[in-house]
Amino acid sequence: MAQDSPQQSTAAEGGSGAKTQKFKAEVSQVLSLVINSLYSNKEIFLRELISNAADALDKRRFESIEKPKLSPEGYAAKIRLIPDAEAKTLTVWDNGIGMGRTALAKDLGTVARSGTKEFAQKLAQAQKQGEVNLIGQFGVGFYSGYLVADRIDVVSRAAGSNDAHLWSSDGKESFSVEASERDEAGTSVVLHLADDQLDFLEEYKLRELVRRYSDFIDYPIELRVKREEDGETAYEYEAINRASALWTRPKSEISDEQYEEFYKHLTHDWEPALGRTHFAVEGTQMFSGLLFVPKNPPFDLLSPESKHGVRLYVRRVFIMDDCEELLPRWLRFVRGVVDSDDLPLNVSRELLQDSVVVRTIRKQVIRRVLDLLGEIAEQRPDDYQTFWQTFGSVLKEGLHFDPSHKDKIGKLLRYHSSRAEGLRSLSQYIEAMPEGQESIYYAQGPSLKMLETSPHLEQLRKRGYEVLFMVDGVDQWAIEGLGEFEGKSLVNAMEAGLDLGREPEVEGEAGEDDGEKKEDKDKDASRFASLLEACQKILDEHVSEVRISARLTDSPVCLVLPKGGLPAHLERLIRSYQQDLPVQKRILELNPDHPLVERLRALQESEPEGESLRTDVEMLYDQALLTEGSPLPDPARFAARVAKLMESRG
Ligand code: ADP
């Protein structure tokens, strides 16, 4: 539904040099959605605008490191709230980095983020279903001002420039930008409050909101207050927040609510985080961190461009957002801040990449987050389930990319299984293993339903062995990264060579019974030798081998993977974007105890070259494909053959 409009189509040139431009289509859309979804929570606009002001002060502080001129003597970074009852305006003022003409038009005229259009669509969808959470994750930012204002004027002057500009809009379709004036660099966001929003001019209300939402902002937030003295009205500014970075305060002095507000300030999330870890490390290196695991996924979680969520500070000075070096990609759902005492202020990306300091911090960050997740899993299993369903597939990537953490990640894995309702951990699985079971069995497929009825698991089920079900695309390589868990190897139940105690490697443990079975199998193999050969000839194009199965009890056939092979559903998935993927032939297994297979054997003996042998073998192969959820090479042929069979029943 989002239609792209030209980025900034000039609609009119005002007489005073004001240039009116249309918002990008997404902006109008996001604006109307913001207004509709958040109207019962209008007060968040103040938190959003104060956050923007604080970010602008951070940026100026950061740029001053290289350009000291940007912080001249006497410069004191601050945010001011200026209520004006007569004009019915509330101004959020800062002396931060400011914006020039282009930045005003670009930053406030577009939603300056990738994926906005997708987001707007998702949001509209979510809204129809009555969910408002999404909006918070995108960070409505500046536009939330329109929750309370009919018009917003932004007067801004970029640090280092003498020119100021006025951006103005009623938040409907267009905005204008024209030359203006401002005493010093920074930005004033002037909200022309709607008539029913005049409470936001009240001192007590502003104090309360700042205390609730923005107390931890590292800069003074000053409220302009009116004083009547000797019949004269005077204004003065009074700081109304504590202005110390939250993560530098001792844990015991921070309430849950303050943590929560800080989290919302950082992330714009609508809901509280699922968990947090706040730590300070002192020793050869000093750093502190305050990290959160969100409850909701950011809308671009799975996109390769999705941002990391950890901000880097050096001695309380903001250095950068999304510091990838502090956090591996498989923890990209984590949000928070890290503050180092040891990095230089002018730290560059390159320096971060091979800094020992960063490596130490990163290790610590990973450890803390995995411990936090372990704690949630243990103490709040329901919350952990929420986490797992949302971020589990991201965490699993860690097994592949950072196998050194596989023991800890292994403990955090959860899967559906052939036995239990709900999710199982590997430890629970091991605890429930019957005597004689040595390995952890898993099966991969396109859906739980398909796996539940998969013929591959018949023998395992018969023995009472539980099988973990993996239906997530990343499971394939994640599980290869894990390899084993607590000394138990992980075995793919869909792979050839699945032998529940009869293969040579476990022969040492094989009892008499197993010995007998092996003999049976050898007998089967020779009895069926010519059938196997005939099947191979008929299906040569499709399968690499036809053999007698040890895993089937009820079904006549199934297709298994060669060792380390790619499950059929993943092969199809990969082929959909990589067409030249070589075809991987699988192995057809026949159940020697099944009457159908026995019938085939007899048929092959009596009419080795007959057409009905070919038809039956092909139909069996088609059945094997159907039970695993694969498409048939020739569905019409299969349907015709089934119809014929049904007819023949009379
Ligand atoms: P976000 O802050 O989440 O990026 P916003 O819509 O709130 O999104 O703001 C868009 C952009 O406008 C910001 O990224 C920033 O570049 C600029 N901006 C907003 N407020 C200010 C301000 N007070 N000072 C300087 N730049 C600002």
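A quick note: this is a predicted structure, and the numbers were derived from the prediction, not measured.

What counts, and at which threshold
Residues numbered from 1 in each chain as written. Predicted model: local features only at pLDDT ≥ 70, side-chain atom pairs only at ≥ 80, totals over all residues. Heavy atoms only, no water. Helix = DSSP H or I, 4+ residues; strand = E, 2+ residues; numbered from the N terminus. Buried < 20%, exposed > 50% of the residue type's maximum accessible area, 1.4 Å probe, protein only. Contact = heavy atoms within 4.5 Å. Areas by Shrake-Rupley, 256 points an atom, 1.4 Å probe, with all protein chains shown as cover. Salt bridge = Lys/Arg side-chain N within 4 Å of Asp/Glu carboxyl O. Pairing = 2+ DSSP bridges. Axes fitted to C-alpha atoms, helices over the stretch in contact; angles between N-to-C directions. Core = buried A, V, L, I, M, F, W, Y, C linked by side-chain atoms within 4.5 Å. Polar contact = N/O pair within 3.5 Å; in protein donor to acceptor, adjacent residues only side chain to side chain. Left-handed = near helix turned anticlockwise from the far one by under 90°. Nonpolar A, V, L, I, M, F, W, Y, C, P; charged D, E, K, R; others polar. Expected span 1.5 Å × (residues − 1). Bend = angle between axes of the 7 residues up to and from the residue. Phe/Tyr/Trp six-rings, centres within 6.5 Å; stacked < 30°, edge-to-face > 60°. Lys NZ or Arg CZ within 6 Å of the ring centre and 35° of its normal.

Draft legend 1. Fine view of the overall build of the chain. Looking only at helices and strands, the chain features 21 helices and 23 strands. For the chain, buried positions account for 52% of its 650 residues. Counted over contacts in the chain with a minimum sequence separation of 6, partners at least 24 positions apart contribute 70%. Carbon together with sulfur atoms contributes 47% to the accessible area of the chain, which is approximately 30,800 Å² in total.

Draft legend 2. View of the pattern of salt bridges. Within this structure, the stated rule accounts for 38 salt bridges. Here K396 makes a salt bridge to D475, at a shortest N to O gap of 2.8 Å. Taken together, the residues K396 in helix α10 (residues 381–401) and D475 in helix α15 (residues 475–482) connect sequence positions 79 residues apart. Looking at D475, the relative accessible area reads 2%, which means it is buried. One salt-bridge network, in which partners are shared between bridges, spans E203, R207, R227, E236 and E238.

Draft legend 3. Expanded view of the sheet that holds strand β14 (residues 317–320). Strands sit in the order β11-β12-β15-β13-β14 across an open sheet of 5 strands; the sheet is mixed. Only two strands of the sheet have a single partner each, and these edge strands are β11 (275–281) and β14. Going across the sheet, the axis of each strand differs from the next one's by a mean of 20°, ignoring polarity. Pairing analysis gives 7 bridges linking β11 to strand β12 (residues 287–293), with the strands arranged antiparallel. Directly across from F279, in β12, lies its bridge partner G289. Helix α7 (residues 256–267) rests against β11, β12, β13 (309–314) and β15 (335–340) of the sheet, and its axis sits at about 85° to β12.

Draft legend 4. Quick peek at the nonpolar core. Counting residues in each nonpolar core, the largest one holds 72 residues, and the members touching the most others are L312, F333, F387 and L395. The greatest single-element share of this core, amounting to 11 residues, is contributed by helix α9 (residues 356–379). When near neighbours in sequence (up to four residues on either side) are disregarded, L312 contacts V317, F318, I319, M320, C323, L326, V338, L343, V347 and L352. Judged by nonpolar contacts, the second largest core, of 60 residues, contains L81, V189, L223 and V337.

Draft legend 5. Local environment of unusual backbone geometry. The backbone phi angle of D230 is positive, close to 50°, even though this residue is not glycine. Structurally, the position occupied by D230 is in the loop between β9 (221–229) and β10 (232–239). A positive phi angle, close to 45°, is found at D322, a residue other than glycine. Mapped onto the elements, D322 comes out in the loop between β14 and β15.

Draft legend 6. The arrangement of the sheet that holds strand β19 (residues 484–485) in detail. Read from one edge of the open sheet, 5 strands run β16-β18-β17-β20-β19, paired in mixed fashion. Here the strands that pair on one side only, and so sit at the sheet edges, are β16 (416–417) and β19. With 2 bridges connecting them, β19 and strand β20 (residues 488–492) associate as antiparallel partners. Bridging across to β20, F485 finds its partner in K488.

Draft legend 7. The arrangement of the side chain of R551 in detail. Looking at the secondary structure, you find R551 in the loop between β21 (543–548) and β22 (557–560). Within the structure, the side chain of R551 is placed 2.7 Å from the backbone oxygen of E495, a separation counted as a polar contact.

Draft legend 8. A look at the packing of helix α2 (residues 44–66) against helix α6 (residues 203–214). Direction vectors running N to C along α2 and α6 enclose 65°, while the axes themselves pass 10 Å from each other. Once α2 is placed against α6, the crossing between them reads as right-handed. Contacts between α2 and α6 involve I44, L46, R47 and I50 on the former and, on the latter, L206, L209, V210, Y213 and S214. For the contact of α2 with α6, the per-class residue count stands at 7 nonpolar, 1 polar and 1 charged.

Draft legend 9. Highlighting α10. The terminal C-alpha atoms of α10 lie 26 Å apart, and with 21 residues this falls more than 12% below the ideal 30 Å at 1.5 Å per residue. At F391, α10 shows its largest bend, some 70°. Looking only at α10, the buried set comprises Y384, F387, W388, T390, F391, G392, V394, L395, K396, E397, G398 and L399. Where the residues of α10 are buried, they touch β12, α9, α11 (406–412) and α15.

Draft legend 10. Representation of the packing of aromatic side chains. All chains considered together, the criterion is met by 17 aromatic pairs. On the basis of an interplanar angle of 40° and a centroid distance of 5.6 Å, the ring pair of F387 and F391 is categorised as tilted. Of this pair, F387 and F391 both sit in helix α10, 4 residues apart, which is roughly one turn of the helix. You'll find F387 and F391 in the same group, each marked buried. Through a chain of ring-to-ring contacts, three or more aromatic side chains come together here, namely F23, F142, Y143, W167 and F175. Sitting over the face of the ring of Y75, R60 holds its NZ or CZ atom 4.0 Å from the ring centroid. The ring of W93 has R80 sitting right over it, with the charged end atom 5.4 Å from the ring centre.

Draft legend 11. Region of interest: α7. Taking 1.5 Å as the rise per residue, α7 with 12 residues should run 16 Å; its terminal C-alpha atoms sit 16 Å apart, in good agreement. Within α7, 9 of the 12 residues are buried, which leaves the element mostly enclosed by the surrounding structure. Looking only at α7, the buried set comprises Q258, Y259, E261, F262, Y263, K264, H265, L266 and T267. Looking one or two residues beyond α7, the residue adopting positive phi is H268, at roughly 65°.

Draft legend 12. A look at the pairing of strand β8 (residues 186–193). Most of β8 is tucked away, with 7 of its 8 residues classed as buried. Pairing of strand β4 (residues 89–94) with β8 involves 6 bridges; the strand directions are antiparallel. Each bridged residue has a counterpart across the sheet, and for V92 the counterpart in β8 is V189. The pairing of strand β5 (residues 149–157) with β8 spans 8 bridges and is classified as antiparallel. Residue R157 lies in a different strand from β8, and its bridge partner there is G186.

Draft legend 13. View of the pairing of β22. Across the two faces of β22 the burial is the same, with V557 and L559 and C558 and V560 all buried. The pairing of β22 with strand β23 (residues 586–590) spans 4 bridges and is classified as antiparallel. Of the residues in β23, the one forming a bridge with C558 is E589.

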